[in-house]
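Here's the letter readout for the chains.
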Amino acid sequence: MNQLQNFSKGLLRENPILVLVLGTCPTLAVTTSAINGFSMGLAVTFVLAMSNMFISLLKNFISDDIRIPAFIVIIATFVTIVDLSLQAYIPSLYESLGLFIPLIVVNCIVLGRAEAFASKNDVFSSIIDGLGMGIGYAIALTVLGMLREFLGTLSIFNYKIFSGDGALMFIMAPGAFICLGFLMAIANMLVKKLK
Amino acid sequence: MKYIIIIISSIFVNNVVLSQFLGICPFIGVSKKVNTAVGMSAAVLFVMVLATMVTWLIQHYVLDAFGLQFLQTLTFILVIASLVQIVEIVLKKIAPPLYQALGIFLPLITTNCAVLGIAILTIQKEYNLLEGIVYSASIAVGFAFALILFAGIREQMETANVPEGMKGTPIALVTAGLLAMAFMGFSGLV
């Protein structure tokens, strides 16, 4: 497959959040602000690209029967790396993302890409696939974060756009569900148009 | 008193799905029918309590004892995955009717982030073993409560006339948002 196509499919056509609906838990939980969504997206991109690379490298050595536990161990290793590095270098971010960093392990996207792509393709395309999917995830998270931050506090990336207070509800739980619902509907329509 | 606070706050105030955002995948995925929602809830209750118990013991008697806390994520997910597998095998052998009822939901639970999340939260909140068990059981009851309510609403929604682009997951998410808003009424209860 064309590498460019391979990269760009994750951005909209097979966007992990908006179209495939994988990994919704962290999506809803961390997008209280644009910057949180963006950082979570980066963390997932790192884990996706690295675990895709290693799984693709090791695919001939892992027997089929134990491949799922083996994949989980590889993914958990990179998640632990992200977890400990964030804790050491960016403690404020670690604080706000909290529980959802270790929970990248059970994020369906990572295991899904390992199983559906990295275990069947060569190393280079697997890295590209991981990066594309990860960036698609990060874009969706950032957009959702921006939307919620704007509606909730009238600012984006902590930069005040309008003065006054927003509707606080959008920062809290109900707003997360409702915003994602509408964002998904828009993405559905875009995808349909592209076809 | 402490136990009552744990129970009330984890079922209503900090509902696992609607305010902590754990276990959204099964919440959206298996909530189309009330029957399947009940089956899933029972399986989650069973696995969550068992997993919290086992991971608590491992954390305190293996990881803490040997200073291996950095292996927490890795150990917990492997323990949960193998636990689910064991439960499946044991149930198949000794309680076939229960296996029939829970069977198809068990493999799905491995990737239910609520199970791993609650195991980690129990450690973070420094609960003792009994508190951990009460906590995980009430979280699972809260999950069941939200899931079954939501399934009931979705069954009714089948007949509603939904705009083209909103069909399926988007409208389900908006509904979940309204349900979450209703649950916010419980805040301040504890």
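Definitions and cut-offs
Residues numbered from 1 in each chain as written. Chains lettered and ligands numbered in written order. Predicted model: local features only at pLDDT ≥ 70, side-chain atom pairs only at ≥ 80, totals over all residues. Heavy atoms only, no water. Patch = residues over 30% accessible without salt bridge, like charges linked within 9 Å, V, L, I, M, F, W, Y side chains within 5 Å. Areas by Shrake-Rupley, 256 points an atom, 1.4 Å probe, with all protein chains shown as cover. Salt bridge = Lys/Arg side-chain N within 4 Å of Asp/Glu carboxyl O. Helix = DSSP H or I, 4+ residues; strand = E, 2+ residues; numbered from the N terminus. Axes fitted to C-alpha atoms, helices over the stretch in contact; angles between N-to-C directions. Parallel < 35°, antiparallel > 145°, perpendicular 65-115°, else oblique. Left-handed = near helix turned anticlockwise from the far one by under 90°. Contact = heavy atoms within 4.5 Å. Phe/Tyr/Trp six-rings, centres within 6.5 Å; stacked < 30°, edge-to-face > 60°. Buried < 20%, exposed > 50% of the residue type's maximum accessible area, 1.4 Å probe, protein only. Disulfide = S-S within 2.5 Å. Expected span 1.5 Å × (residues − 1). Polar contact = N/O pair within 3.5 Å; in protein donor to acceptor, adjacent residues only side chain to side chain. Buried area = accessible area lost by both parts, 1.4 Å probe. Nonpolar A, V, L, I, M, F, W, Y, C, P; charged D, E, K, R; others polar.

1. Topic: a nonpolar patch on the surface
Consideration 1: A surface patch of nonpolar side chains, amounting to about 530 Å² of accessible area, comprises B:Met1, B:Ile4, B:Ile5, B:Leu189 and B:Val190.
Consideration 2: Assignment of secondary structure puts B:Ile4 in helix 1 (residues 2-13).

2. Description of the packing of helix 7 (residues 123-153) of chain A against helix 8 (residues 173-194) of chain A
All names here are of chain A.
Consideration 1: Close contact between helix 7 and helix 8 brings their axes to 10 Å; oriented N to C, the two are set at 125°. Taken together, the axes of helix 7 and helix 8 lie oblique to each other. The two elements helix 7 and helix 8 cross, and the hand of that crossing is right-handed. Mapping the contact onto sequence places Ala140, Val143, Leu144, Leu147, Arg148 and Leu151 in helix 7 and Gly175, Ala176, Cys179, Leu180 and Leu183 in helix 8.

3. A few points about the packing of aromatic side chains
Residues and elements named next belong to chain A.
Consideration 1: What the rule picks out here adds up to 10 aromatic pairs over all chains.
Consideration 2: Geometrically, the ring pair formed by Phe46 and Phe78 is edge-to-face, given 6.4 Å between the ring centres and 80° between the ring planes. Taken as a pair, Phe46 in helix 3 (residues 34-58) and Phe78 in helix 4 (residues 67-89) lie far apart in primary sequence, 32 residues in all.
Consideration 3: Residue Phe46 is classed as partly exposed on the basis of its relative accessible area of 34%.
Consideration 4: According to the relative accessible area criterion, Phe78 is buried, its value standing at 8%.
Consideration 5: For the pair Phe54 and Phe78, a centre-to-centre distance of 5.3 Å together with 55° between the ring planes defines the contact as tilted. Of this pair, Phe54 sits in helix 3 while Phe78 is found in helix 4, placing the two residues 24 residues apart along the sequence.

4. Observations regarding the state of the cysteines
Consideration 1: For the coordinates displayed, the defined rule picks out zero disulfides over all chains.
Consideration 2: Unpaired in terms of disulfides, B:Cys113 finds its nearest cysteine sulfur in A:Cys25, a separation of 3.0 Å.

5. Some details on helix 7 of chain A
All names here are of chain A.
Consideration 1: The terminal C-alpha atoms of helix 7, which comprises 31 residues, lie 43 Å apart, in line with the 45 Å expected from a rise of 1.5 Å per residue.
Consideration 2: Two to three positions downstream of the cap, the backbone nitrogen of Phe124 sits 3.3 Å from a side-chain oxygen, assigning the N-cap of helix 7 to Asp122.
Consideration 3: Positive backbone phi, approximately 60°, marks Leu154, located one or two places after helix 7.

6. Details of the interface of chain A and chain B
Consideration 1: Residue-level contacts link 36 residues of chain A with 33 residues of chain B.
Consideration 2: In total, chain A and chain B occlude about 2900 Å² of area from one another, counting both sides; carbon and sulfur atoms represent 85% of this.
Consideration 3: In this structure, the connection of chain A to chain B is made through one salt bridge.
Consideration 4: Where A:Lys192 meets B:Glu164, a salt bridge forms, and the shortest distance between an N and an O atom there is 3.8 Å.
Consideration 5: Our count for the chain A to chain B interface comes out at zero residue pairs in polar contact (both at pLDDT 80 or more).
Consideration 6: Elements supplying a minimum of two residues to the side of chain A that touches chain B: helix 2 (24-30), helix 4 and helix 8 of chain A.
Consideration 7: With 13 residues, the top contributor of residues to the side of chain A that touches chain B is helix 8 of chain A.
Consideration 8: Split into classes, the residues belonging to the side of chain A that touches chain B amount to 29 nonpolar, six polar and one charged.

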